[in-house]
Amino acid sequence: MPKSKITVEKPTNADDLTLVVGQVSGKKLKGFRLSIHGEVASALRDACVATVDQLNGRTELAYKWDISYDPNLQFLGIADALLTIPSVDQGASTPHTTQPQQVVETDPQARLILDSASSLPLLPASELKKRTFLFYAAVVGNDPNNRTSFVSRWNPYSTTLCGRILTLYGRVSAMSLNRF
Amino acid sequence: MTEIAQRARLFVGSYAGLFAILAIRFDATWLRWACIVLAVLGVALMAWVVFVVPGQMGAEPITAASVEDAGSDVAGYLATYLLPFLTVAEPGIRDVVAYALFLGISGLIYVRSEMTQINPTLYVLGRQVVKLTTDQGWTGYVVARGAIHVDDVVRSVPMNEQVRVQVRDDRTQHA
């Protein structure tokens, strides 16, 4: 099997972590950061390390819209630069002489939220149960301009419940959006 | 805790010195003890901010895009420290009510203005409060361990939406 092209450095205890949530509001996506205890940050950091270990134990496949893969042995990877470009028209009839590079359309607002994680508005803990979130993310790293985001689609309130943090992260595939 | 309540805590901490001076000035035992309690409470609250908060919360890095000085607000703040020298040693009830009213108005102005940035107690504890805007648009106050310059990366923990506390960082660098 070919070696993975994506390398994500394992977070260390020296790496700062910001817990971020994204909420759909009308047609916009709003981001908030959450104040977390140091022990919660440490547990989330450990979960990120476990996720990186899981990724490193699998083989990367370049993303294609029609690809089939084994999620136990493989993961889908796509270069950072291709995430915000609008998708190619799959119904185009013009034949291509060369295979076009697969791109994935993503919401640029999500990227902005993750890029500005530590400057987002602070969401009170009491609001977590009242709102529904599109995603949450652990943004890790000490350089504000070069942090790694571990993204998942869960309400972060559940991660703060005792005994569920590692289980949740162990089940989901983290996607690093920065600097591949 | 709400933003106002957090600022009120900073207000009590900021005026710990004033309460200590008032305790020295007043002859009435109950007033003296009331001021001593407020002074001790103020110092304890600031000690909590300086020594406890940074160790409890998870830190995160921010980059300073602009740092504002509080120079123009200092004169107004210092004027409130004249109160102990205008009081009488044994005030009547009406005097006490007037002093309390003055402190209440001062507190209201403090929590709703830029005076949050001025805190002599934090200075005594080796900290200062700076108003900072990050390169990503957050604006608020940082209880800093020293001077912060533009482009500095600051590790901080949040106290609330508007106030952060800088934590020790041997890796502080210019971006």
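Located above this text is the structure these notes cover.
Notes on the structure follow.

Okay, the pairing of strand 5 (residues 163-166) of chain B next. All names here are of chain B. Neither face of strand 5 is open: one carries V163 and V165, the other R164 and Q166, and all of them are buried. Note: strand 3 (residues 139-144) against strand 5, 3 bridges, orientation parallel. By the bridge assignment, V143 is partnered in strand 5 with V165. Both strand 4 (residues 153-158) and strand 5 contribute to a ladder of 3 bridges, which runs antiparallel. Residue pairing across strands places S156 opposite Q166, the latter belonging to strand 5. Hairpin remark: strand 4 followed by strand 5, antiparallel, with 4 residues in the connecting loop.

Bringing the sheet that holds strand 5 of chain B into the picture now. Within a sheet, adjacent strands bond to each other through the backbone by hydrogen bonds, running parallel or antiparallel. Residues and elements named next belong to chain B. The sheet built from 5 strands closes into a barrel, its strands ordered 1-2-3-5-4 with mixed pairing. Sheet twist, expressed as the average angle between the axes of neighbouring strands with direction ignored, equals 55°. Looking at chain direction, strand 1 (residues 60-68) and strand 4 are connected through 4 bridges and run antiparallel. Considered in strand 4, the bridge of I62 is made with V154. Each of strand 3, strand 4 and strand 5 is contacted by helix 3 (residues 29-56), which is oriented at about 85° to strand 5, the strand it contacts most.

Bringing the sheet that holds strand 7 (residues 148-152) of chain A into the picture now. All names here are of chain A. Strand order in the open sheet formed by 5 strands is 5-2-1-6-7, and the pairing between neighbours is mixed. The strands lining the two open edges of the sheet, one partner per strand, are strand 5 (122-123) and strand 7. Inspection of the sheet shows strand 2 (residues 28-34) paired to strand 5 by 2 bridges, in the parallel sense. By the bridge assignment, R33 is partnered in strand 5 with L122. Along the sheet face, helix 2 (residues 108-115) touches strand 1 (17-25), strand 2, strand 6 (135-140) and strand 7 and points at about 20° away from the line of strand 2.

A few words now on the nonpolar core. Where a protein is soluble and globular, its nonpolar side chains tend to be buried together. If you look at the biggest cluster of nonpolar residues, it comprises 66 residues, and the most contacted ones within it are A:L19, A:V20, A:A137 and A:A138. Excluding residues within four positions of it along the chain, A:A138 makes contact with A:L17, A:L19, A:L44, A:C48 and A:F150.

Contacts between the two partners involve 18 residues from chain A, matched on the other side by 20 residues from chain B. Listing elements by their share of the side of chain A that touches chain B, those giving two or more residues are strand 1 and helix 1 (38-56) of chain A. When residues in the side of chain A that touches chain B are grouped by element, the largest group, 3 residues, is from helix 1 of chain A. Of the residues that constitute the side of chain A that touches chain B, the class distribution is 7 nonpolar, 9 polar and 2 charged.

Rules behind the numbers
Residues numbered from 1 in each chain as written. Chains lettered and ligands numbered in written order. Predicted model: local features only at pLDDT ≥ 70, side-chain atom pairs only at ≥ 80, totals over all residues. Buried ≥ 20, exposed ≤ 12 C-beta atoms within 10 Å, placed from the backbone. Helix = DSSP H or I, 4+ residues; strand = E, 2+ residues; numbered from the N terminus. Pairing = 2+ DSSP bridges. Axes fitted to C-alpha atoms, helices over the stretch in contact; angles between N-to-C directions. Contact = placed C-beta atoms within 7 Å. Core = buried A, V, L, I, M, F, W, Y, C linked by C-beta atoms within 7 Å. Nonpolar A, V, L, I, M, F, W, Y, C, P; charged D, E, K, R; others polar.

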